[in-house]
Amino acid sequence: MKSKLSLLAFAAAALLWQSCSKDPADESEKRIRENDQQIQRFLSDSSYTGERTSSGLVYIKTFQNPAGVQPVAGSQVYVHYAGRRMSDNFLFDQSDRAGNQPLVFALNSGSLLAGFDEGVSLMREGEKAKLLIPSYLGYWNQVREELPAYSVLKFEVELVKVRTEDEALRVFATDSLGIDPSRLEAVSGAPGTYYAKVQEGTGVAIQNGQRATTRFRGRLISGSEFSAAGSSDSFIMGQGLRPKGYEEAVRRMKVGERGFIFVPSSQAYGTQGVANSRGQLVIPRYAPLIYDIELVSVQ
């Protein structure tokens, strides 16, 4: 996969569309009409019958599985996809089918194109669909590699799996880290948080009011990093300055100890996520977190 449908690609577009479309003569309104006309021509020239949603997304179900689980906000979804320019069918992005590595994200996380997220929400596990996404639900006026501004996008999507956060964390521990599920210890004080010890510590445990210094790597369920290996953190225990799951797991460690912490979004950044100074989500909403961590010192 090349771009992984870059973070918050739609956020700026939504603001532009909402603010500009009030004036019918505005260039933005013209672009919206053009996109909708392009989609209508595509449907007229093809054998597809699409369902148009209130947002403007056109959804074409190509394989149905009525008994499959339908995701809800916060569900961890696993999808294979191919993204094409609707104008000429050029393939600009796709998941790694050869390596069986689907795209993994939380539904309604704010991390993907709005049209893509909405389309997946209409599917059930095991289903396939085509999504025709107008630019105002995609990259809008952004010029991207191989995509001109105001491009209408066509995605072929397969919803491979729908999991809860707990299921997704356990699968990541087993499949990505090789940790036996029996080694996952529940962390008291932070429901749904697990800890797996890798290396025993020889120092003291931390108490409230003491400063903990850690070295860690932070990852999302997708495998992408929000903090690179070797990142350092220092905080006073008990002040609530760190995610609850992270802090409570560190509380049980001793100096020199290493392990993995698995934190559900309810014990991390929940439905808000974490944005950088440009308003881009560094940690999406509904994002479980995985830390590869060492407690370096206690003072």
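Residues numbered from 1 in each chain as written. Predicted model: local features only at pLDDT ≥ 70, side-chain atom pairs only at ≥ 80, totals over all residues. Heavy atoms only, no water.

**Topic: the pattern of salt bridges**
Then, number 1: Inspection of every chain in the model, using the stated rule, returns 17 salt bridges.
Then, number 2: As a salt-bridge pair, glutamate 248 and lysine 244 come within 3.4 Å of each other at their nearest N and O atoms. Here the residue glutamate 248 and the residue lysine 244 both occupy positions in helix H5 (residues 244–251), the gap between them amounting to four residues, near one helical turn.
Then, number 3: Arginine 258 is paired through a salt bridge with aspartate 292; the nearest N and O atoms lie 3.1 Å apart. With arginine 258 in strand S12 (residues 258–263) and aspartate 292 in strand S15 (residues 289–298), the pair connects residues that are 34 residues apart, well separated along the chain.
Then, number 4: The class of arginine 258 is partly exposed, set by a relative accessible area of 25%. (Salt bridge = Lys/Arg side-chain N within 4 Å of Asp/Glu carboxyl O. Helix = DSSP H or I, 4+ residues; strand = E, 2+ residues; numbered from the N terminus. Buried < 20%, exposed > 50% of the residue type's maximum accessible area, 1.4 Å probe, protein only.)

**Quick word on the pairing of strand S7 (residues 153–163)**
Then, number 1: Of all eleven residues in S7, eight are buried, a share of seventy percent or more.
Then, number 2: In this structure, strand S3 (residues 76–85) lies alongside S7, joined through ten bridges in antiparallel fashion. Opposite glutamine 76, over in S7, you have arginine 163 as the bridge partner.
Then, number 3: Relative to S7, strand S6 (residues 128–133) runs antiparallel, the two sharing six bridges. If you follow leucine 132 over to S7, its bridge partner there is lysine 154. (Pairing = 2+ DSSP bridges.)

**Comments concerning the sheet that holds strand S10 (residues 211–220)**
Then, number 1: Pairing in this open sheet of six strands is antiparallel, and the strands run S8-S9-S12-S15-S10-S11 from one edge to the other. Across the chains shown, the open sheet's two edge strands, defined by having one partner strand only, are strand S8 (185–186) and strand S11 (225–236).
Then, number 2: Relative to S15, S12 runs antiparallel, the two sharing six bridges. Note that in S15 the partner of valine 263 across the bridge is leucine 289.
Then, number 3: Against the sheet, H5 makes contact with S10, S11, S12 and S15, and its axis sits at roughly 150° relative to S12, the strand it touches most. (Contact = heavy atoms within 4.5 Å. Axes fitted to C-alpha atoms, helices over the stretch in contact; angles between N-to-C directions.)

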